[in-house]
Protein chains: 2
Amino acid sequence: MSKKVIITIDRQYGSGGRAIGEQLAKDLGIPLYDKEISQMAAEKNGMSKEVFEKADETAASSLLYSVVTGAYMFGNHVSPALDLPINDKVFIAQTEIIKTLAHKGSCVIVGRCADYILRNDPDMINVFIHAYLPSRIERAIKEYDLPPEKVEMQISKIDKKRGNYYHYYTGEKWGNAIHYKLCIDSSVLGIEGSVAVIKAFIENKDKENRHKK
Amino acid sequence: MSKKVIITIDRQYGSGGRAIGEQLAKDLGIPLYDKEISQMAAEKNGMSKEVFEKADETAASSLLYSVVTGAYMFGNHVSPALDLPINDKVFIAQTEIIKTLAHKGSCVIVGRCADYILRNDPDMINVFIHAYLPSRIERAIKEYDLPPEKVEMQISKIDKKRGNYYHYYTGEKWGNAIHYKLCIDSSVLGIEGSVAVIKAFIENKDKENRHKK
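Quick caveat, the model's predicted, so the values are computed rather than measured. (Residues numbered from 1 in each chain as written. Chains lettered and ligands numbered in written order. Predicted model: local features only at pLDDT ≥ 70, side-chain atom pairs only at ≥ 80, totals over all residues. Heavy atoms only, no water.)

## A closer look at the side chain of Asp115 of chain B
Residue and element names in this part refer to chain B.
Point 1. By secondary structure assignment, the location of Asp115 is in helix α6 (residues 114-117).
Point 2. Although Asp115 is buried, it forms no salt bridge, and the closest oppositely charged side chain is Arg119 at an N-O distance of 8.6 Å.
Point 3. Polar contacts involving the side chain of Asp115 include one to the side chain of Asn126, which spans 3.1 Å.
Point 4. Each residue touching Asp115, except ones within four places of it in the same chain, is listed here: Thr8, Met124, Asn126, Tyr166 and Tyr180. (Helix = DSSP H or I, 4+ residues; strand = E, 2+ residues; numbered from the N terminus. Buried < 20%, exposed > 50% of the residue type's maximum accessible area, 1.4 Å probe, protein only. Lys, Arg positive; Asp, Glu negative; His and termini not counted. Salt bridge = Lys/Arg side-chain N within 4 Å of Asp/Glu carboxyl O. Polar contact = N/O pair within 3.5 Å; in protein donor to acceptor, adjacent residues only side chain to side chain. Contact = heavy atoms within 4.5 Å.)

## Things to note about the pattern of salt bridges
Point 1. Under the criterion given, the structure shown has 14 salt bridges over all chains.
Point 2. Here Asp34 of chain A and Arg112 of chain A are joined by a salt bridge, their closest N and O atoms 2.9 Å apart. Within this pair, whereas Asp34 of chain A is found in the loop between β2 (32-33) and α2 (35-44), its partner Arg112 of chain A is found in the loop between β3 (107-110) and α6 (114-117), the two being separated by 78 residues in sequence. Neither residue differs from the other here; Asp34 of chain A and Arg112 of chain A are each classed as buried.
Point 3. Across the pair Arg18 of chain B and Glu22 of chain B runs a salt bridge, and its minimum N-O distance is 2.7 Å. Of the two residues, Arg18 of chain B and Glu22 of chain B are both situated in helix α1 (residues 17-28); the distance of four residues between them amounts to about one turn of the helix.

## What to know about the relation of the copies chain A and chain B
Point 1. Relative to chain B, chain A is turned by 180 degrees and slid 0.0 Å along the rotation axis, the superposed coordinates differing by an RMSD of 0.0 Å. Expressed as an axis order, the relation between the two copies is that of a two-fold axis.
Point 2. A share of 100% of the interface residues of chain A reappears at the interface of chain B, consistent with the copies meeting face to face through the same patch. (Least-squares fit on C-alpha atoms with pLDDT ≥ 70 in both.)

## Structural notes on the state of the cysteines
Point 1. For the coordinates displayed, the defined rule picks out zero disulfides over all chains.
Point 2. Cys113 of chain A forms no disulfide, and the closest cysteine sulfur to it belongs to Cys183 of chain A, at a distance of 15 Å.
Point 3. Assessed through its relative accessible area of 2%, Cys113 of chain A is described here as buried.
Point 4. Left unpaired, Cys183 of chain A is separated from the closest cysteine sulfur, that of Cys183 of chain B, by 4.3 Å.
Point 5. Exposure remark for Cys183 of chain A: the relative accessible area of 0% places this residue in the buried category. (Disulfide = S-S within 2.5 Å.)

## Description of helix α2 (residues 35-44) of chain B
Residue and element names in this part refer to chain B.
Point 1. Among all positions of α2, only Ile37, Ser38, Ala41 and Ala42 are buried. Taken around the axis of α2, the buried residues stretch over an arc of 130 degrees, which confines them to a single face. Of the exposed residues in α2, those oriented more than 90 degrees away from the buried face are Glu43 and Lys44.
Point 2. Elements in contact with the buried residues of α2: β2 (32-33), α3 (49-55), α5 (86-104) and β3 (107-110). (Arc of directions from axis to C-beta.)

## Quick look at the interface of chain A and chain B
Point 1. Tallying the contact residues gives 26 residues for chain A and 26 residues for chain B.
Point 2. Taken together, both faces of the contact between chain A and chain B bury some 2100 Å²; the carbon and sulfur share is 63%.
Point 3. At the surface where chain A touches chain B, the tally comes to zero salt bridges.
Point 4. Our count for the chain A to chain B interface comes out at nine residue pairs in polar contact (both at pLDDT 80 or more).
Point 5. At the level of elements, β4 (124-130), β5 (182-185) and α9 (186-212) of chain A are the ones that each hand at least two residues to the side of chain A that touches chain B.
Point 6. With 13 residues, the single largest contributor to the side of chain A that touches chain B is α9 of chain A. (Buried area = accessible area lost by both parts, 1.4 Å probe.)

## As for the layout of surface pockets
One way to see where empty space is left: roll a probe the size of a water molecule over the atoms.
Point 1. In this structure, the largest pocket occupies an estimated 1200 Å³ of space.
Point 2. Forming the walls of the largest pocket are 39 residues, and the residues nearest its centre are Tyr132, Ser135, Asp185, Ser187 and Val188 of chain A.
Point 3. Among the elements of the structure, α7 (133-144) and α9 of chain A together with α6, β4 (124-130) and α9 (186-212) of chain B are those that each provide at least two residues to the lining of the largest pocket.
Point 4. Its residues assigned to classes, the lining of the largest pocket comprises twelve nonpolar, 13 polar and 14 charged.
Point 5. Approximately 780 Å³ is the volume found for the second largest pocket.
Point 6. Contributing to the lining of the second largest pocket are 25 residues, with Arg119, His179 and Lys181 of chain A together with Tyr132 and Asp185 of chain B lying nearest its centre.
Point 7. Looking at the lining of the second largest pocket, the elements that each hand over two or more residues are α6, β4 and α9 of chain A together with α7 (133-144) and α9 of chain B. (1 Å grid on protein atoms, 1.4 Å probe; cavity = no way out; pocket = protein on both sides within 12 Å on 5 of 7 lines; lining within 4 Å. Points joined across faces, edges and corners; volume = space filled by probe spheres on them. Nonpolar A, V, L, I, M, F, W, Y, C, P; charged D, E, K, R; others polar.)

## Some words on unusual backbone geometry
Point 1. Within the chain, Arg112 of chain A stands out as a residue other than glycine whose phi angle is a positive 60 degrees.
Point 2. Accessibility expressed as a relative area gives 1% for Arg112 of chain A, which makes it buried.
Point 3. Its identity as a non-glycine residue notwithstanding, Asp145 of chain B has a phi of 55 degrees, on the positive side.
Point 4. As for its position among the elements, Asp145 of chain B is in the loop between α7 and α8 (148-170).

## Here we look at the packing of α1 of chain B against α9 of chain B
In a packed pair of helices, the relevant descriptors are the angle between the two axes and the axis-to-axis distance.
Residues and elements named next belong to chain B.
Point 1. The contact between α1 and α9 brings their axes to 10 Å, and the two run at 40 degrees. Our classification of the angle between α1 and α9 gives oblique. Taken as a pair, α1 and α9 cross one another with a handedness that is right-handed. Across the interface between the two elements, Ala19, Ile20, Gln23, Leu24, Asp27 and Leu28 of α1 pack against Ser186, Ile191, Glu192, Ser194, Val195, Ile198, Lys199 and Ile202 of α9.
Point 2. Here the residues of the contact of α1 with α9 sort into eight nonpolar, three polar and three charged. (Axes fitted to C-alpha atoms, helices over the stretch in contact; angles between N-to-C directions. Parallel < 35°, antiparallel > 145°, perpendicular 65-115°, else oblique. Left-handed = near helix turned anticlockwise from the far one by under 90°.)

Now the structure itself:
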């Protein structure tokens, strides 16, 4: 693959989005970034990894929470009352990391509103992966070792969190087809098949770009 | 192509959905049904083609309208007060035609909630085609010869009509990614590229099915 490509993957919980991203990155010989973004952002800003991980992909909830956590994290040299919510700080720090990574070269980025952050990058293809609920339940039990009686509630909880997070930082509705270049139901294709369709999309985007020139 | 496949295409106005369906049907050597469904349904029910076309892909609006139109269309042998809205009659008649066509063999069906009507058919792949607004404006001016100053209003009007129609008869939100097996932004790929990605989806669905057996 000669042309630069940034694939962002947004995904329903249990849809295999992360696994699809991993396989795609491997096939294309490019890096994948997921939780690493949170770690990089924490390191760059000299902040606690644990606090970053807690706020990762979570919308700011309340001013009180943010004031308390902000004061705890950044010390008394910043007035807590004027401080940004910790989740917003994490989002800003991750935004910088995502822009730097995308500038460096081709990669796959999972979650973290990367498609919104890179919305003006012509090399960016944002993909939304979803799947039929029974297939997500099966996958969540198998891959994440969740107890069967709790899996449906966990799926619903995490999807709600991801949807809120996306809406809070982008103003857009999570999973609305028109915001994505490509949306795939992975329960129809499996991991390999979904990767093949994303690769077909990349190839045909290149062809169309050459055709337009 | 040996395996039966029913491709339904839902599309934003000006996104090239119909052209993508035509090219796909041609490449696969299978029929495409669009406005023909309305004509077949009118013929089968011995009703006026003009009334069918007017109600095509339009949700029932008001009881008053339906009573008046129903009485006009079907005569006095049915009590107008107990009559269904004309748009509902058209929907029911089209539903029968769509089921018959899908039963007969592989085909491409454009619009008319065909994906909802055939939701239990394992051979059905529903596709949603959308595109970046400037590209839809350009296409609508070129293909439908619309005056540039009116094109944006026309796009908005027809999409609203299609969205209402889909929601009215399916209870689902038009363009919500999770209802479709595949959603494509055709402004990235063009007609040829979008067709290629749909074909990649069909091929990989077949592979996944063989793998599951």
